[in-house]
Amino acid sequence: MFELRKLPFEVSAFSRLITQEVIDFHYGRHHATYVKNLNDLTKEGEFAGKSLFDIIQNSSGGLFNNAAQVFNHDFYWDCLSPKETCMGEAIKKGIESQFGSTESFLELFIKSGAGQFGSGWVWLVYDNNRLEIMSTSNADTPIRHNKIPVLVCDVWEHAYYINHRNDRMGYLQQFVSQINWEFVEECYTKAKIKGMNAIRDYTESLHKG
């Protein structure tokens, strides 16, 4: 039985990026519905009792969509911080090595998210000993491509429309100022040590199946 994870922050701590109304819809309805659908779809059959990671890796159709969206949202919430955090030394070094500077990375990340056509996600992933920016459509997730998520921003309209209307760029600019760099540093460090098992461990820490 999968459960809707608890948010890793107090909603009242945010001002512009997330409001109570956003949480009511994005977390309380969208995210919660993916969890409910996932439970309904795994009551029986070959994926009954399987871990979230294994379902994402091996399922298709509606089951994959709901399982992937549970993970994508789980990860998104952890990437947010209501207070400013500092970029850790490891991720800073990795970003500067790959993108030249943190400023260049953030510009490319925002541009990639703003340019994602329709619903989807913009990620920073670790793959083959390097960092890269990756966009996915709808429910697609780097896990399915054997890439390890380090950071994500949700660019589905339900993530930003209540507060930002159609200003996705403004939402992304606000998002990068509230990245939880402590979480990103942890993900990057574990990715280099454990590879895909870092994400398996993350999903199992939230969902026992």
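Residues numbered from 1 in each chain as written. Predicted model: local features only at pLDDT ≥ 70, side-chain atom pairs only at ≥ 80, totals over all residues. Heavy atoms only, no water.

Engineer: Hey, could you go over the overall build of the protein chain for me, with residue numbers and the actual values?
Structural biologist: Scanning the protein chain from N- to C-terminus turns up nine helices and three strands. When its helices and strands are written in sequence order, the protein chain yields α-α-α-α-α-β-β-β-α-α-α-α. Taking 209 residues into account, the globule formula puts the C-alpha radius of gyration at 17 Å, and the protein chain, at 16 Å, falls close to it. By its C-alpha atoms, the protein chain is 50 × 40 × 30 Å across when sized along the principal axes. Within the span of the protein chain, comprising 209 residues, buried residues form 53% of the whole. Contacts in the protein chain between residues at least 24 apart in sequence constitute 69% of all its contacts with a sequence separation of at least 6. (Helix = DSSP H or I, 4+ residues; strand = E, 2+ residues; numbered from the N terminus. Rg over C-alpha atoms; globule rule 2.2 N^0.38 Å. Buried < 20%, exposed > 50% of the residue type's maximum accessible area, 1.4 Å probe, protein only. Contact = heavy atoms within 4.5 Å.)

Engineer: Just give me the short version of the layout of surface pockets, but keep the residues and values in it.
Structural biologist: The computed volume of the largest pocket comes to approximately 180 Å³. Forming the boundary of the largest pocket are 14 residues, of which E186, C187, K190, A198 and Y202 lie nearest the centre. Secondary structure elements with two or more residues in the lining of the largest pocket: α3 (61–78), β3 (148–154), α8 (181–194) and α9 (197–206). Residue composition of the lining of the largest pocket, grouped by class: eight nonpolar, one polar and five charged. (1 Å grid on protein atoms, 1.4 Å probe; cavity = no way out; pocket = protein on both sides within 12 Å on 5 of 7 lines; lining within 4 Å. Points joined across faces, edges and corners; volume = space filled by probe spheres on them. Nonpolar A, V, L, I, M, F, W, Y, C, P; charged D, E, K, R; others polar.)

Engineer: I'd like a description of the packing of aromatic side chains, backed by residues and values.
Structural biologist: For the structure on display, the rule yields 19 aromatic pairs. Against the face of F25 rests R29, its NZ or CZ located 4.3 Å from the ring centre. The ring of F64 has R144 sitting right over it, with the charged end atom 4.7 Å from the ring centre. (Phe/Tyr/Trp six-rings, centres within 6.5 Å; stacked < 30°, edge-to-face > 60°. Lys NZ or Arg CZ within 6 Å of the ring centre and 35° of its normal.)

Engineer: Any chance you could break down the sheet that holds strand β1 (residues 120–127) for me, citing the residues and the numbers?
Structural biologist: Strand order in this open sheet of three strands is β2-β1-β3, and the pairing throughout is antiparallel. Two strands close off the open sheet at either side, each with one partner strand: β2 (130–137) and β3. Neighbour to neighbour, the strand axes of the sheet diverge by 25 degrees on average, direction disregarded. Where β1 meets β2, eight bridges bridge the pair, whose relative direction is antiparallel. Residue pairing across strands places G120 opposite S137, the latter belonging to β2. The strands touched by helix α4 (residues 89–99) within the sheet are β1, β2 and β3, with β2 carrying the most contacts at an inclination of about 80 degrees. (Pairing = 2+ DSSP bridges. Axes fitted to C-alpha atoms, helices over the stretch in contact; angles between N-to-C directions.)

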